[in-house]
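# Report on the structure
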Amino acid sequence: KDIITPLEQLMVEKEGYLQKAKIADGGKKLRKNWSTSWIVLSNQKIEFYKESKQQALSNLKTGQKPECLDLCGAHIEWTKEKSSRKNVFQGLLWHCQDGKMEFHPQDVHKAITTVSGNEFLLQSDIDFIILDWFHAIKNAIDRLPKD
Ligand code: I3P
């Protein structure tokens, strides 16, 4: 099994702003509300900050945490049905717990059947920006060890 060290976990692969709408939380459908989110992709997780990067960094000092989702067992795909906007993809992911992963890779199947996920949409009007994000997230998911 691949061992992912804490140092590697911290490595930021991509960060930037995208339009984000969360459409389900813990399996419960939410009213769609698009907003700009600063997104930080590392090799095992993705974090969504509600604020600008600058604001988010100063909030970190005061202990405010972003929404952290585990890429292990995550799934993303393009969708035309879930929004009238162009360039939208959807993701189904699980929450990280206290910065740690909620499940070990070998437990992912168990997790999928016992825990309801979070569904969100990501969008940009600019084609290359959304394409870069899609591939960066997909690559990060595909690189994680499977059981
Ligand atoms: C929603 C809002 C969203 C829209 C959504 C609407 O209305 O207009 O922008 O999603 O469409 O329901 P409200 O602000 O009243 O909640 P898109 O922009 O992604 O199409 P939906 O219900 O078809 O998801």
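If you're wondering where the values come from, they're calculated on a predicted model, not measured in any experiment.

Working definition: an aromatic ring pair is given by the centre-to-centre distance plus the angle between the planes. By the definition in use, this model includes five aromatic pairs. A centroid spacing of 4.8 Å and a plane angle of 35° characterise the contact between Trp-38 and Tyr-49, whose relative ring orientation is tilted. Pair noted here: Trp-38 is in strand β3 (residues 35–42) and Tyr-49 is in strand β4 (residues 45–49), with a separation of eleven residues, a long-range link. Tyr-49 carries the same exposure label as Trp-38, and that label is buried. Aromatic side chains Trp-78 and Phe-89 sit 5.4 Å apart centroid to centroid with 80° between the ring planes, which places their arrangement in the edge-to-face category. Here Phe-89 lies in strand β6 (residues 88–95) and Trp-78 lies in strand β5 (residues 67–78), a separation of eleven residues in the sequence. Judged by its relative accessible area of 38%, Trp-78 falls in the partly exposed class. One aromatic cluster is present, formed by Trp-78, Phe-89 and Phe-134 through successive ring pairs. Looking at Lys-20, its charged tip hangs above the ring of Phe-48, at a distance of 4.4 Å from the centre.

Our next topic: the confidence of the model for the protein. The predicted coordinates ought not to be read in detail in places where the model reports low pLDDT. Taken over all residues, the pLDDT of the protein has a mean of 81, while the share at 70 or more is 79%. Mean pLDDT across the elements of the protein ranges from a minimum in helix α3 (residues 108–114), with 43, to a maximum in helix α4 (residues 127–143), with 95. Within the model, pLDDT remains below 50 along residues 98–103, and this stretch shows 13 contacts once partners closer than five positions in the same chain are excluded. Note that pLDDT drops below 50 for residues 108–114; the model gives that stretch seven contacts with residues more than four away or on any other chain. The ipTM assigned to the predicted complex is 0.88, against a pTM of 0.80.

Along its 17 residues, α4 runs 24 Å from first to last C-alpha, staying within 8% of the 24 Å computed at 1.5 Å per residue. Where α4 is concerned, the buried positions are Ile-130, Trp-133, Phe-134, Ala-136, Ile-137, Ala-140 and Ile-141. One face of α4 carries all of its buried residues, which in axial projection span an arc of 165°. Packing partners of the buried residues in α4 comprise β1 (12–25), β3, β4, β5, β6 and β7 (118–123).

So, how was this worked out
- Residues numbered from 1 in each chain as written.
- Predicted model: local features only at pLDDT ≥ 70, side-chain atom pairs only at ≥ 80, totals over all residues.
- Heavy atoms only, no water.
- Phe/Tyr/Trp six-rings, centres within 6.5 Å; stacked < 30°, edge-to-face > 60°.
- Helix = DSSP H or I, 4+ residues; strand = E, 2+ residues; numbered from the N terminus.
- Buried < 20%, exposed > 50% of the residue type's maximum accessible area, 1.4 Å probe, protein only.
- Lys NZ or Arg CZ within 6 Å of the ring centre and 35° of its normal.
- pLDDT = per-residue confidence, 0-100.
- Contact = heavy atoms within 4.5 Å.
- Expected span 1.5 Å × (residues − 1).
- Arc of directions from axis to C-beta.

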